[in-house]
Amino acid sequence: AEAIVGAIDLENTNIGVYVSSDVTLSPGDEFVLIRSTNGVTGKPKSISNIVQKGMASIFDCSVDMQETQVLVKLTRAEVCPALFQGYNASIALLNFGVDLAIDRGMQEITGASEFGKAGIVPFMVFSGKNGDYGSKSQVKVSGISMLAGVKVKEFEIKSRPLTMGIFCEYGNGKFDSKNDFNEVDIKSKGTASYVGGGLLGRTYFKDNVYCEVSLRIGQTKADYNSADLKDFGSDLKAKYDYSTLYFGSHLGCGYIHKFNDKLNADLYGKYMFLNQDTKEVVLPSEEKLKFFGANSQRVQLGARFNYLMSKHISLLLTAGAALEHEFDGQVKAAVDNAESINSNLKGNNVIGEIGLGKDFGKLNVDLGVQGYGGNKRDLQAQLKASYIF
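Residues numbered from 1 in each chain as written. Predicted model: local features only at pLDDT ≥ 70, side-chain atom pairs only at ≥ 80, totals over all residues. Heavy atoms only, no water.

Let's shift gears to the sheet that holds strand β7 (residues 69-79). Taken in spatial order, the five strands make up an open sheet running β2-β5-β6-β7-β3, and their pairing is mixed. With partners counted over all chains shown, the strands left at the sheet margins are β2 (14-19) and β3 (30-35), one partner each. Taking the axes of each pair of neighbouring strands and ignoring which way they run, one obtains an average angle of 25° across the sheet. Strand direction decides the pairing type here: strand β5 (residues 46-53) and strand β6 (residues 57-65), joined by four bridges, are antiparallel. Paired with Lys 53 across the strands is Ser 57, a residue of β6. (Pairing = 2+ DSSP bridges. Helix = DSSP H or I, 4+ residues; strand = E, 2+ residues; numbered from the N terminus. Axes fitted to C-alpha atoms, helices over the stretch in contact; angles between N-to-C directions.)

What follows is the structure, encoded as structure tokens:
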């Protein structure tokens, strides 16, 4: 910094440092913020220990008040946490689609809601959601998902029944988020969507033990914008959009215990994997922000009870509960010399559900509600219909 002639009094001032995006900085760099020929005096009201570069990079720093100058030394660098929220929202919406496929979709192809009927069964499931995600920062995602597919006729492999189905899926939603950054709330919003398809399959062993599997692949899109996150050199506001591939799979095992002709319990365990591909976006400040491939790995352990209330009117009541743990849910991003990992989706959840199914001849209709508590606080309403040919 060029020296200012005369003394500088910093009494009751607020000191913060913002650097233009076109300046190159690295951890370990130091620079003079203020220099005076006659000395620096006074005690500032506040001194920020963060340096913001452009709209994407954040450096931890130390500020040294010396006799004739104020010296800033940079330490750790990271990507601004608020910029992760578009990617986090996309993963949350995709996981919503995973649950719909392996839960409601699997029920349809295995005949769980068909009261023992068999045949080729086309089905369609609609679900709406509204939930909050994360503990360190809040991401609120609301949207709808749709699953449409067909169960093919059951066949046997080495005397074991095998049921398979194919499906296509679509989801669309919006998100709002809030991050506490440098004692300022940064609010952001955007939209996310996905479209894809996949396979479902389940086989039964002795004593009502089963194993199931699914595969899915498709494309996801998202856009993000924030009026609170800016490049102070140009006053441009943060925004980006992207489109990338996703793929996922799941493996589950369970045991169906029949209490009597009307009541049974499905005890299950499931492992779900989801990958969203790497993507680089360019911010309005011309900073290149790279999101590395993000993985979600979840395990669920639960029980679902099915009670046939009346054989004459084919009315089925379903209720269940499960525990879920997200092992990963991490998003890694890098810009210039800054790199960081955000694990906002990682954590434990409790799931509860209740549903009611009704047969109208060859048509089956099912209504259900599912709630989440824990790191994911979510409420979902579901409607599904299937028809037997």
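Past the structure itself, the notes keep going.
Within a sheet, each strand pairs with its neighbour through backbone hydrogen bonds, oriented either parallel or antiparallel. Across the sheet, which stays open at both edges, the four strands sit in the order β16-β17-β20-β21 with antiparallel pairing between neighbours. Both edges of this open sheet fall to β16 (279-282) and β21 (338-342), since each of them pairs with a single strand only. Ignoring which end each strand starts from, the neighbouring axes of this sheet average 20° apart.

Here the structure, examined in full by the defined rule, presents nine aromatic pairs. Ring centres 6.3 Å apart and planes at 75° place the aromatic pair Phe 84 and Phe 291 in the edge-to-face group. Within this pair, whereas Phe 84 is found in the loop between β7 and α1 (85-110), its partner Phe 291 is found in strand β17 (residues 288-291), the two being separated by 207 residues in sequence. Since its relative accessible area comes to 1%, Phe 291 is described here as buried. (Phe/Tyr/Trp six-rings, centres within 6.5 Å; stacked < 30°, edge-to-face > 60°. Buried < 20%, exposed > 50% of the residue type's maximum accessible area, 1.4 Å probe, protein only.)

Take α1 next. If you check α1, its first and last C-alpha atoms are 37 Å apart, about what 26 residues at 1.5 Å a residue would give, namely 38 Å. The largest bend along α1 measures about 25° and falls at Ala 101. Among the 26 residues that make up α1, 26 are buried, leaving the element largely enclosed by the rest of the structure. (Expected span 1.5 Å × (residues − 1). Bend = angle between axes of the 7 residues up to and from the residue.)

Before going further, it helps to examine unusual backbone geometry. When glycine is set aside, most residues are seen to have a negative phi, and most peptide bonds are trans. Even without a glycine there, the phi angle at Asp 207 is positive, about 60°. In this structure, Asp 207 sits in the loop between β12 (184-204) and β13 (209-231). With phi around 70°, Glu 286 is a residue other than glycine that occupies positive phi space. You can call Glu 286 exposed: its relative accessible area is 67%.

On to the pattern of salt bridges. Evaluation of the coordinates by the stated rule reveals 14 salt bridges. Between Asp 378 and Lys 129 there is a salt bridge, with the nearest N and O atoms lying 2.8 Å from each other. One end of the pair, Asp 378, is in strand β24 (residues 376-387); the other, Lys 129, is in strand β8 (residues 121-133), with 249 residues separating them in the sequence. In this structure, Asp 378 and Lys 129 share a single accessibility class: buried. One salt bridge in this structure joins Lys 332 and Glu 339, with 3.3 Å as the shortest N-O distance. Residue Lys 332 is classed as partly exposed on the basis of its relative accessible area, which comes to 31%. Salt bridges sharing partners connect three or more residues here, namely Asp 99, Arg 298, Glu 324 and Lys 376. (Salt bridge = Lys/Arg side-chain N within 4 Å of Asp/Glu carboxyl O.)

Bringing the pairing of β12 into the picture now. Pairing between β12 and β13: 16 bridges, direction antiparallel. In the strand pairing of β13, Gly 201 is matched with Val 213. Where β12 hands over to β13, the hairpin turn is made up of four residues, of which Asp 207 adopts a positive phi near 60°.

Formed by 50 residues in total, the largest nonpolar core has its most connected members in Val 51, Leu 83, Tyr 224, Leu 229, Tyr 240, Leu 289 and Phe 291. Per-element accounting of this core gives the leading share, seven residues, to α1. If sequence neighbours within four positions are ignored, Leu 289 has contacts with Val 79, Leu 83, Lys 279, Glu 280, Val 281, Ala 333, Ala 334 and Val 335. Formed by nine residues, the second largest nonpolar core is a distinct cluster that contains Met 106, Ile 109, Phe 123 and Leu 200. (Core = buried A, V, L, I, M, F, W, Y, C linked by side-chain atoms within 4.5 Å. Contact = heavy atoms within 4.5 Å.)

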